[in-house]
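Here's the letter readout for the chains.
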Amino acid sequence: MAATEQELSAVFEQTIAADQRIEPRDWMPEAYRRTLIRQIAQHAHSEIIGMQPEGNWILRAPSLRRKAILLAKVQDEAGHGMYLYAAAETLGVDRAELTEKLIANKQKYSSIFNYPTLSYADVGVIGWLVDGAAICNQVPLCRCSYGPYARAMIRICKEESFHQRQGYELLLAMVNGTEAQREMVQESTNRFWWPSLMMFGPPDGDSPNTRQSMAWRIKRHTNDELRQRFVDMTVPQSEALGVTLPDPDLRWNEERGHYDFGEPDWDEFKAVISGSGPCNAQRLAHRRRAHENGAWVREAARAYAEKQTAKRTGRVAA
Ligand SMILES: [Fe+2]
Ligand SMILES: [Fe+2]
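Within each chain, residue numbers correspond to sequence positions counted from 1 in written order. Each chain gets a letter, beginning with A, and each ligand a number, beginning with 1, in the order they are written. Since the coordinates come from a predicted model, pLDDT governs what is reported: local features require at least 70, and pairs of side-chain atoms require 80 or more to be given and counted, while whole-chain, interface and lining totals use all residues. The side-chain quantities take in all heavy atoms of the structure and omit both hydrogens and water.

The protein chain is annotated in an unreviewed UniProt entry as Phenylacetate-CoA oxygenase subunit PaaA from Pseudonocardia asaccharolytica DSM 44247 = NBRC 16224.

Written out as structure tokens, the structure is:
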């Protein structure tokens, strides 16, 4: 006799409570599936759109060494997008459908990639702060309750830590260089600090999905907890670099054992998320163009796959 929905739901709840993984073949509540599809798609889109701000500097890298590092990093982000689209597909969606939604502006990606990259110091600061924030967000996702997502995150996090280091290493070279280079690093830090804090999402009081996601063990920490962790981790790094973080309220709080810090501009965050950031239109237009230009590759792959199937099954391809 087939299990009732109530029985299936009980098994699901037990699996979550025992901190075991839900796998694609397992029954799961529709809302859990939908939440994961939305989160994984948003994450995959962020990896792919995130190639643009740094890709902008590949042709202008100051040396062959810097170009090789940046190329490797940007390629990693493409790979992250691919793993994540594959993880989303285990939930019954098609990556083509997700890409369509992205270019039709019906699914979001991280707000951080809607800011421009104005100097080569931005490559370093993105590695340091943006990949650094991504690591804080993503390490707990390695223990996410959905198996394919958790496993994808393990590999992604290893590569993110290389990204963070390559950024920091570039900044170390620059702050030990000329006065003009030090100024570039400071100027870039000033632009990216607040948008990096916004990467953790709205404050907990304003984040309606957090509770349910934590109950399902998709999320392990709240936005504010992760933001605090990031600030605590980053302040000593900024001191080692000799750059100032642009927040007059930033100071160590002995009692809390954490740094206090100011409030990001949540109006700016909302504006960027809803499409009016400095580069939203440009990022989407670029992605749309790349998708259209790739149509012949998809057609060729489809024709090849049909030919192979026809060969295997003895049918003649039309
Ligand atoms: Fe990535
Ligand atoms: Fe990265």
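Still more ground to cover, so stick around.
(A) Structural view of the packing of aromatic side chains. To pair, rings of Phe, Tyr and Trp, with the six-membered ring standing in for Trp, must have centres within 6.5 Å; the planes then decide the type, stacked if under 30 degrees apart, edge-to-face if over 60, and tilted in the middle. Scanning all chains against the criterion turns up nine aromatic pairs. For the pair F200 and F230, a centre-to-centre distance of 5.5 Å together with 45° between the ring planes defines the contact as tilted. Of this pair, F200 sits in the loop between α8 (179–198) and α9 (210–215) while F230 sits in helix α10 (residues 223–241); the two residues are 30 residues apart in sequence, bridging distant segments of the chain. In this structure, F200 and F230 share a single accessibility class: buried. Between W252 and Y259, the ring centres sit 4.9 Å apart and the planes meet at 70°, which makes this aromatic pair edge-to-face. A 1.4 Å probe rolled over the protein chains alone gives each residue an accessible area, and that area as a share of the maximum for its type sets the label: buried under 20%, exposed over 50%, partly exposed in between. Owing to a relative accessible area of 41%, W252 belongs among the partly exposed residues under this scheme. Here, a charge over a ring is recorded when the distance from Lys NZ or Arg CZ to the ring centre is within 6 Å and its angle to the ring normal is within 35 degrees. One Lys or Arg, R60, reaches over the ring of W57 and ends 4.0 Å from the middle of that ring. For helices the rule is a DSSP run of H or I covering at least 4 residues; for strands it is a run of E covering at least 2, with both sets numbered from the N terminus onward.

(B) Geometry of the coordination of the iron ion (ligand 1). Note on the iron ion (ligand 1): its protein donors are E47 (OE), E77 (OE), H80 (ND1) and E160 (OE). The metal-donor distances range over 2.0 to 2.2 Å. Only nitrogen, oxygen and sulfur atoms qualify as donors, provided they sit within 2.8 Å of the metal or within 3.2 Å for Na, K and Ca; with water excluded from the atoms, sites may seem incomplete. Square planar and octahedral assignments, for four and six donors respectively, both demand that opposite donors be over 155 degrees apart and that all other angles lie between 65 and 115; tetrahedral needs four donors with all angles between 85 and 135 degrees, and anything else is irregular. Relative to the metal, the four donor atoms surrounding the iron ion (ligand 1) lie at angles of 84 to 145°, and the coordination shape comes out irregular. Donor residues binding the iron ion (ligand 1) come from one chain and are separated in sequence as E-x29-E-x2-H-x79-E. The metal-metal distance between the iron ion (ligand 1) and the iron ion (ligand 2) is 3.4 Å, with E77 serving as a donor to both.

(C) Layout of the coordination of the iron ion (ligand 2). Protein ligation of the iron ion (ligand 2) involves E77 (OE), D131 (OD), E160 (OE) and H163 (ND1), the donor distances falling in the range 2.0 to 2.2 Å. All donor residues of the iron ion (ligand 2) come from one chain, and their arrangement in sequence is E-x53-D-x28-E-x2-H.

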